[in-house]
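Now for the letters of each chain:
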Amino acid sequence: VAHYTRTTPPLYNLAAFAGKVGLFSGGRDKLADPTDVAWLKSQLPLDAVVMDKIYPNLGHADFVWGLNAHTLVYPDVLALLKAADWE
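For every chain, the first residue of the written sequence is number 1, and numbering continues from 1 along that sequence. Per-residue local features of the predicted model are confined to residues with pLDDT of at least 70, and side-chain atom pairs are confined, for both listing and counting, to 80 or more; whole-chain, interface and lining totals are unaffected and use all residues. Side-chain measures were taken over the full set of non-hydrogen atoms in the model, leaving aside hydrogen atoms and water.

(A) Quick look at the overall build of the chain. Of the regular secondary structure elements, the chain holds 4 helices and 2 strands. Written out in order from the N terminus, the α and β elements of the chain read β-α-β-α-α-α. C-alpha atoms define the radius of gyration, and 2.2 Å times the number of residues to the power 0.38 defines the globule rule. The C-alpha radius of gyration computed for the chain amounts to 15 Å, which surpasses the reference 12 Å derived for 87 residues by more than 25%, pointing to a less compact arrangement than a globule. The principal-axis extent of the C-alpha atoms belonging to the chain is close to 45 × 35 × 25 Å. Within the span of the chain, comprising 87 residues, buried residues form 22% of the whole. The long-range fraction of contacts in the chain, counting pairs at least 24 apart against all pairs at least 6 apart in sequence, stands at 68%. Here the accessible surface of atoms and residues is derived via Shrake-Rupley with a 1.4 Å probe, and residues count as covered only by protein chains that are part of the display. Accessible surface computed for the chain: about 6800 Å², of which carbon and sulfur atoms make up 62%. Neither His nor the chain termini are counted; the positive set is Lys and Arg, and the negative set is Asp and Glu. Where a charge lies is defined by one atom per residue type, namely NZ (Lys), CZ (Arg), CG (Asp) and CD (Glu). Once the 7 positive and 9 negative side-chain charges of the chain are each reduced to a mean point, those two points are 4 Å apart. Comment: elements are numbered from the N terminus, with helices defined as DSSP H or I runs of at least four residues and strands as E runs of at least two. Burial status follows relative accessibility: with a 1.4 Å probe on protein chains alone, a residue under 20% of its type maximum counts as buried, one over 50% as exposed, and anything between as partly exposed. Whether two residues are in contact is decided by their heavy atoms, any of which lying within 4.5 Å being enough.

(B) Quick look at the packing of aromatic side chains. The aromatic pairing rule takes the rings of Phe, Tyr and Trp, using the six-membered ring of Trp, and pairs them if the centres are within 6.5 Å, calling planes under 30 degrees apart stacked, those over 60 edge-to-face and the rest tilted. In this structure the tally under the stated criterion is 1 aromatic pair. The interplanar angle of 80° and the centroid separation of 5.6 Å between the aromatic rings of tyrosine 55 and phenylalanine 63 together place this pair among those described as edge-to-face. A relative accessible area of 4% means that tyrosine 55 is categorised as buried.

(C) Seen up close, the pairing of strand S2 (residues 49-55). Note that strand S1 (residues 21-26) and S2 share 6 bridges and pair parallel. Considered in S2, the bridge of serine 25 is made with isoleucine 54. By convention, orient the strands away from the viewer: a clockwise path from the first strand over the helix to the second makes the crossover right-handed. You can see the chain leave S1, run along helix H1 (residues 34-43) and come back into S2, and the turn it takes is right-handed. At least two bridges found by DSSP between two strands is the condition for calling them paired.

In short, the description is geometric, and any link to function would need to be established separately.
Below, the structure is given as structure tokens:
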């Protein structure tokens, strides 16, 4: 509350986002569910999302602590980073 002087952060104009982003989401994520991720994608500029991958059986913590994250998720993240045009 002290930072924003209200109980919620101010709205951010996602259409003004001037970067590239990969969206990695889990179908069983209780914190960033598929509906929320779809809404986020719809708010970003069309050319901002360079990858949109849904892992149907993953929950929120599975991306970091999941027993198969190193074989299921990390190769996709590394491929995106290797293909990135950083200019």
